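# An overview of the molecular structure
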Amino acid sequence: MMNHFMILAVLLPLRTCHTAYSQQGSLMFPVTYFNVSKDLALQRLLVEWDVDKTAHDAELAMSFEIQVHRADEATVWRDFHNVTLNKSGKPLHWIWDSDLPLECMSHSVRIRSKAEASKIWSQWSPWETVLGLDASDNYGPKIFPEEKVIEEGLGITLCCIGRKGQIIKEFFLLDSDVHYFNKTNRQIGLLTAKNVTLRGASRHVSVYCKEPCSEEPCYAHALFFVGRPPDTPGDFSCQTRNMTTVTCTWNQGRDTYLYGRHSSKHTLFDEFSQNLVPCTVSCSEQSSQCSCSWDIGQQRIYNITLTVENALGRKTAMEAFDVTHRIYPLPPFQLWEECTDTEIKLHWNHQNKGIELFCQTEVFQPNGKAELYNGSDTQLHHTSITLGGLQPFTKYTARVRCGAAKNFWRWSEWSKAKTIRTKEAAPSGKVDIWREITPVLRGRNVTLFWKQEPGFRANARSISYEITWEKVEDSSKAECISLSSAYNSTRIFIDNHPYRITIMAKNNVNYSLPSILIIPGATGTEKMLNDSELKEEKVNGTEEGILISWEPRHTYDSYVIDWCNFPMLQPCDLQWERFGPNTSSALINSAAFVPGVRYNFRVYGSTANRASLLEKKTGYLKEQPPEFCTEVKNIELSNHAVTLFWDPCPTNKTGRGFLRGYRIYVSPVQEDCNLKGSKKHVHSDGSVLCKYTTENPEERRYTVKHLTSNMKYKLAVVAYTGGGEFPELNFMYIDTPFDYMMYLLVLLVIVPSIIVAICVWKMKWVKECCCPVIPSPNKSKVLSFKEFKIGSEKVLKISDCTPDTLAVDNKVEAQKLHLQSLMPSTPTEDKTDVHNSSWDYHNENENENEKRNFTSTPTPQTHTWFENLAYSSHLAVESDPYQLPETLETSKAEVSAVPYQPQYYLSILNDDAPPSPAEAAGRKTNLRYISQTDVHCTGRRL
């Protein structure tokens, strides 16, 4: 019976579930309970509902659609809420945050449901309405929300509700740069502001609302504060200093700009005891640090939750700890010491009773460097530590801090610093000594210089120097002087014997180690001591100093270089440095070195405290230009060159650098310079000069060539060093003389050359004008006659041609010709008869009748030859058929020697003697033969 009952108890719920699942595809589960409330503080609608218990028992997965509608607005907000039901049967909840204060309008909510596996929604529930304030029951209009805090950077919507029967005419922000828009002219006015961000000290917004009336109850004013939500607390930690009190500290972060009742609230809650921690929070406005302390009693373990909240938000931080692991000791106090010259035993008191401590001491050296000493001798009421390896008579500053020896958490603060001076001791190290020897009558003056070596320490409040000198070769009484620490040099007189000089530093405790210097005897050493015979070598400076190098000698155990920091002053502040035997160069630097000053260096080799001069150096840290411009003293001037003479540069003027040479600047006064062999230089005034450089410092003259005659030039000479030249040029002006030889050369050479060139260029025209071309008789048609030869040449009979006009210059010649024409002649067999043609003889002094009578006279028996002087001798020889054989031979022999020789022709038909040379010359003078091919040069012919 019992078994049947148990089976029925199991099967009945299963049947119910099966029925529910089998029907969920078609059945609906409407909301059976529905309630809506509002939270005005948070401006939220709280929605609560439930469905049939069957759905809970079946643990259905359901969806709910929720809609929110605001009065007087068409907008509907909808949201879906998905949930799986359980058998607990608890109602469901949903929260809706409103962007408009709930007091401003009524809000209605409805809901419907659907199983996840179903496609059918239930019917909507009736609208559940949460009423707003339709009208203000107050004395005037009212602005909502009532909470007056706005988060910076966000927006806000405000409303102003007017009194019953009134509308809101104006709704705006006062004196604000915040952009906003509003809706007015109705009973509920709306104002929306976006991105509320305020600058400056003002952190609030003033809002003004007004009805259309002028009485006092017709307007409302509200002040909204703009701030930030709190930051998450930073560096939250808790610790104890004496095992009786716990203190928690944190950083509250940025300023929220909310003060008074709107400021952030801090609370501490212990999760172990489930109690609020009984402490008062205090925060610093300057550092944003907060702290809270309370007595711990017997509790050792805590789990603290820190909560910080204001009207805009809430943040938390947690810290769990064991108090015994969070010990932060109090700092030591009342420090005192016990000391010697090299040790300090430091003591201090502490307030951390019952706590085992480990302490650390920090000691500051005189140079500021800090050293840490760990460990301490812990006693009942005080602790001590011994500090060793210290310097005598030296101030040290010490301070102490401690931490828990077990479960170390952190160091305490440093104690107050204490300054301690160790006791005095004998000077440590040696004094470096040097000398300068000046020979005088019956001895020498020795100027001694000294300085403390790098490792030297006085080890006392004050010291003095004790100097002793004595002869090396005998045991005479030594002389001694003592000088205070204010001196670093002194002068003593010694004779010509070798001397040993000793210097020691002395304080109230003892002497330092001695420094010894041997001065050799004067006999045989004056030449060695006189450094004038050593040649000075030039050295160059760098940005770091002046580099000195020397030739090392194996006989010396050290080297010394000395120089003067101020070579132009007396005393010159002599300085020196020592170097080891393996050193052959050194970079000398001094704060006194300045550019443009020559420094002289002497290199000594030292062995057994005896020094010998080895080399001399001179140089500059940086060379500078000379301080003057070289003046030209004399010049030698020619047509195309000038020689400049100048005086050597004064040593005191070129002492700013090594003289490297001279530069000569030349330029025409009216134009830029461009002389052969020079370099161009642009002067400060923009003119272009020709620059010549001579790199011989001893040069005193220079010749500038390739100048133009009859021109004005400006010239300047400047000295230059490795640092440059004098910046200003002192020009002198010269005028080069007129070059007459040039013009004579033009007249005698250039002009004739031009004429010859033109003649060569126009050779054809000149030849035609001055020496016309005459045809060769052998090629003339006149030779086309009956052959009559003399030898191998053809002979022209006068009767075979018509000659050109013959002009007779005077009557006498004409009469001779006329008489000759009238003379009879007897022809023979070997003579040729002349032609019957007429010849015209013109007398320039006769009238027309006489000419007519003369020309009409026939001359059949008369033969006359006329010479054409335009032909050359060569042509006459070759082409004259009337020349006698013996004459022909003579002419041929003279062709090469005589350009032209007139020929004397004889009549081959007349038995008379040939005409004499005088007669022929007369004919040449008085007769003109005009050829048919004669060319008259009447003008220029090209």
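Just above sits the structure.
Residues numbered from 1 in each chain as written. Predicted model: local features only at pLDDT ≥ 70, side-chain atom pairs only at ≥ 80, totals over all residues. Heavy atoms only, no water.

What follows concerns the nonpolar core. L45, W49, M62 and V109 are the most contacted members of the largest nonpolar core, which totals 22 residues. Sorting the residues of this core by element identifies strand 1 (31-39), strand 2 (44-51), strand 3 (61-70), strand 5 (92-97) and strand 6 (107-115) as the ones contributing at least two each. (Core = buried A, V, L, I, M, F, W, Y, C linked by side-chain atoms within 4.5 Å. Buried < 20%, exposed > 50% of the residue type's maximum accessible area, 1.4 Å probe, protein only. Helix = DSSP H or I, 4+ residues; strand = E, 2+ residues; numbered from the N terminus.)

Turning to the state of the cysteines, a few remarks are in order. Evaluation of the coordinates by the stated rule reveals nine disulfides. The residue that forms a disulfide with C279 is C292, at a sulfur-sulfur distance of 1.4 Å. In this structure the cystine formed by C279 and C292 twists about its S-S bond by roughly 140°; its chirality is therefore right-handed. With C279 in the loop between strand 19 (275-276) and strand 20 (282-283) and C292 in strand 21 (residues 289-295), this pair connects stretches of sequence that are 13 residues apart. Accessibility expressed as a relative area gives 1% for C292, which makes it buried. Across the disulfide, C673 is cross-linked to C690 (sulfur-sulfur distance 2.1 Å). The S-S bond linking C673 to C690 shows a torsion near -105°; that makes this disulfide left-handed. Highlighted residues: C673 in the loop between strand 48 (659-668) and strand 49 (679-682) and C690 in strand 50 (residues 688-694), separated in sequence by 17 residues. Judged by relative accessible area, which is 1%, C690 ranks as buried. (Disulfide = S-S within 2.5 Å.)

This part takes up the environment of C292. Counting along the chain gives 15 residues from C292 to V277, while the straight-line C-alpha distance between them is 9.2 Å. Residue contacts for C292: discarding those within four places in its chain leaves V246, T247, C248, W250, L268, C279, T280 and V281. (Contact = heavy atoms within 4.5 Å.)

As summarised here, the arrangement of the four strands in space is 27-26-30-31, forming an open sheet in which the pairing is antiparallel. Each edge of the open sheet is held by one strand with a lone partner, namely strand 27 (370-374) and strand 31 (418-421). Looking at each pair of strands side by side, their axes are set apart by 30° on average, direction ignored. As paired strands, strand 30 (residues 395-404) and strand 31 are joined by four bridges and run antiparallel to one another. Across the sheet, Y396 pairs through a bridge with I420, a residue of strand 31. (Pairing = 2+ DSSP bridges. Axes fitted to C-alpha atoms, helices over the stretch in contact; angles between N-to-C directions.)

Let us now look at the sheet that holds strand 32 (residues 431-440). If you walk across this open sheet you meet the three strands as 32-33-36, and the pairing is antiparallel. The open sheet has two edge strands, strand 32 and strand 36 (489-494), and neither has a second partner. Neighbouring strand axes in the sheet, compared pairwise and without regard to direction, differ in orientation by 25° on average. Bridge count for strand 32 against strand 33 (residues 443-452) is 10 bridges, and the pairing is antiparallel. Its bridge partner being in strand 33, I433 is matched across the sheet by W450.

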